[in-house]
Amino acid sequence: MTEPSIEPARLRELFLFAELTDEQLAWVAANSDVVSYREGEAVSVEGEPAECFYVLLSGSLSMVRTVRGDEVEVVRSDQPGVYSGATQFYLGDQVDQKYGATVRALTDAEFLALPAADFAAKFTQWFPMAVHLLQGMFVGIRNADELVGQRERLLALGKLTAGLTHELNNPAAAAVRATETLRERFAGMRHKLGLLADGHFDGIQLHRLTKIQEKFIARMATAPELTPMQVADSEDELGDWFDDHDIPGGWDLVPVFVAAGITTSDLDELSNVVDPGFMAPALRWLSYTVETENLLIEVKESTKRISALVGAAKQYSQLDRTPHQEIDLHEGIDATLVMLSGKIPDRVRIVKDYDRSLPHIPAYAAELNQVWTNLIDNAVSAVTGHGDGAGTVTIRTTLDGGNALVEVIDTGPGVPPELKRRVFEPFFTTKGVGQGTGLGLDVSWRVVVNRHGGDLRVVSEPGDTHFQVRLPVHAS
């Protein structure tokens, strides 16, 4: 049911129009409609084009927003004059004019409906300075959010990249060193093999020597880890053996053979198949063989480390994954720790207390990795910025009812009670000037709560701060 107009005197009673002039009130009355809605009827629907600015005249309303398929009530009111609908009409085409929420009548209700486009033109004519201020505030905040958000992402990316390149450089440099040394050792092997096979070393002895060589190499795979005292004792035994057999420069060979687990018994076996005059070149050749094998193992371990780091970066970025999937939370946390390893000082101990029985959960993996990055980085900063910079950061996972619970716990000074309510606000930070943008926890909140329908909270006291992330185990 629609009436052609409303009495200006009735509009004057509403706080929204109380200060308008008689001429302005007359325009509103002439250009608006009074629309009646029955209980439960929708006044506006979230996401649809915002065509009207609504003002409650009588009855009560409920405003809801959709979060991951569920409706969440944000406002309930029966105060005449409360408004909804096209609340950003004054911005015109600067924004996408759509209803930001669904409004329903909780009881039979009347609303004043003002056409948004007509009202925007008149509002700009009546209050030009106010419109400029509102537009400037909106555009300024939006641009600031974008710029600061980009800077936050670039800073985070720069820190992660620096940490990753540092971690990649170590095994890469080790592989390069090992490769250069291998070239020298292969040249030495060729030279010693030429001396052994110059016609004075018969084929039977050479065959026996190669069998011992294979035995030495096989021994390396099962060589036990020796204590410093055991290493010193073994080196003394081998050194005495070389002295007893008049091997020139034998002490140079001692560390190579001890690392390979070779004992005096093995050398006695060698002396039984090699003539004394060829013992020295035979030992040199075997030392090159053993050292070469060690270098190949080093290259293999270095390249495996590089591959693991690349795999962690791939897991962290989720470049080859669908955005939403069933994920193992621990894989993302481990990848994040690898990416942050260059930023974590030696004095900070990382403890992983994982419940491996935790089921896979539906999530946006790459976005959750940003959450782990923010929480772990903040925890490390809290520990290093307090006292002597030493402490512990614990990442704990467990099942909490129908949610997966991830806790990032640090032994820092804690969050003061008066700041607990503010830590998730945009731009709020407890770090020093230039050390934080105050967007990390805001981003984490939006990812966990808005994006995943979960919960993020902080429980803190000095020396024991818990940032708790709860994520639904089952999709809504």
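Shown above is the structure to which this text applies.
What counts as what
Residues numbered from 1 in each chain as written. Predicted model: local features only at pLDDT ≥ 70, side-chain atom pairs only at ≥ 80, totals over all residues. Heavy atoms only, no water. Helix = DSSP H or I, 4+ residues; strand = E, 2+ residues; numbered from the N terminus. Buried < 20%, exposed > 50% of the residue type's maximum accessible area, 1.4 Å probe, protein only. Contact = heavy atoms within 4.5 Å. 1 Å grid on protein atoms, 1.4 Å probe; cavity = no way out; pocket = protein on both sides within 12 Å on 5 of 7 lines; lining within 4 Å. Points joined across faces, edges and corners; volume = space filled by probe spheres on them. Nonpolar A, V, L, I, M, F, W, Y, C, P; charged D, E, K, R; others polar. Salt bridge = Lys/Arg side-chain N within 4 Å of Asp/Glu carboxyl O. Arc of directions from axis to C-beta. Axes fitted to C-alpha atoms, helices over the stretch in contact; angles between N-to-C directions. Parallel < 35°, antiparallel > 145°, perpendicular 65-115°, else oblique. Polar contact = N/O pair within 3.5 Å; in protein donor to acceptor, adjacent residues only side chain to side chain. Patch = residues over 30% accessible without salt bridge, like charges linked within 9 Å, V, L, I, M, F, W, Y side chains within 5 Å. Areas by Shrake-Rupley, 256 points an atom, 1.4 Å probe, with all protein chains shown as cover. Pairing = 2+ DSSP bridges.

Participant: Provide a residue-level description of the overall build of the protein, including the pertinent values.
Facilitator: Each helix and strand counted, the protein has 12 helices and 16 strands in total. Residue burial in the protein is summarised as follows: out of 476 residues, 40% are buried. A separation threshold of at least 6 residues defines the contact pool for the protein, and within that pool the share at least 24 residues apart is 75%.

Participant: An account of unusual backbone geometry is requested, with residue identities and associated values reported.
Facilitator: Although it is not a glycine, D246 adopts a positive phi angle of roughly 55°. Here D246 lies in the loop between α6 (228-244) and α7 (254-259). The class of D246 is exposed, set by a relative accessible area of 66%.

Participant: Break down the layout of surface pockets for me, citing the residues and quoting the values.
Facilitator: Here the second largest pocket defines a volume of roughly 330 Å³. Along the wall of the second largest pocket there are 17 residues; nearest its centre are P224, L226, V258, A259 and G261. Those elements that place two or more of their residues in the lining of the second largest pocket are α6, α7 and α9 (279-317). Residue classes in the lining of the second largest pocket are distributed as 10 nonpolar, 5 polar and 2 charged.

Participant: How would you explain the pattern of salt bridges if you had to name every residue and give the values?
Facilitator: Evaluation of the coordinates by the stated rule reveals 10 salt bridges. In this structure, R10 and E110 form a salt bridge, with 3.3 Å as the shortest nitrogen-oxygen distance. Remark: E110 occurs in strand β9 (residues 109-115) and R10 occurs in helix α1 (residues 8-12); sequence separation between them is 100 residues. In this structure R10 comes out as partly exposed when scored by relative accessible area, which is 33%.

Participant: Could you give an account of helix α8 (residues 264-271), with specific residues and numbers?
Facilitator: Among all positions of α8, only D266, L267 and L270 are buried. Taken end-on, α8 shows its buried residues confined to a sector of 95°, consistent with a single buried face.

Participant: Tell me about the packing of helix α2 (residues 22-30) against helix α3 (residues 116-126), and name the residues and values.
Facilitator: Remark: α2 packs on α3, axes separated minimally by 12 Å, with the N-to-C direction vectors making an angle of 175°. Here α2 lies roughly antiparallel to α3, going by the angle between them. Together, Q24, W27 and V28 of α2 and D118, F119, K122 and W126 of α3 make up the contact between the two elements. The class makeup of the residues in the contact of α2 with α3 is 4 nonpolar, 1 polar and 2 charged.

Participant: Summarise the environment of D328; cite the residues concerned and give the values.
Facilitator: Residue placement: D328 occurs in the loop between β10 (324-327) and α10 (329-340). Taking the C-alpha atoms as reference points, D328 and R356, 28 residues apart in sequence, are found 9.4 Å from one another. Engagement of the side chain of D328 in a polar contact is seen with the backbone nitrogen of H330, the distance being 3.0 Å.

Participant: Lay out a nonpolar patch on the surface with the relevant residues and their values.
Facilitator: On the surface, V72, V74 and V75 cluster together into a nonpolar patch covering about 210 Å² of accessible area. Along the chain, the position of V72 falls in strand β6 (residues 70-77). With relative accessibility at 37%, the residue V72 sits in the partly exposed group.

Participant: Any details on the pairing of strand β16 (residues 464-472)? Residues and values, ideally.
Facilitator: Most of β16 is tucked away, with 8 of its 9 residues classed as buried. In terms of strand pairing, strand β14 (residues 403-410) meets β16 through 8 bridges, oriented antiparallel. Looking at the pairing, E407 lines up with Q468 of β16. Direction of pairing for strand β15 (residues 455-461) relative to β16: antiparallel, over a ladder of 7 bridges. Along β16, the bridge assignment pairs R457 with Q468. Hairpin connection, β15 to β16: the antiparallel pair is bridged by 2 residues, and G463 has positive phi, about 85°.

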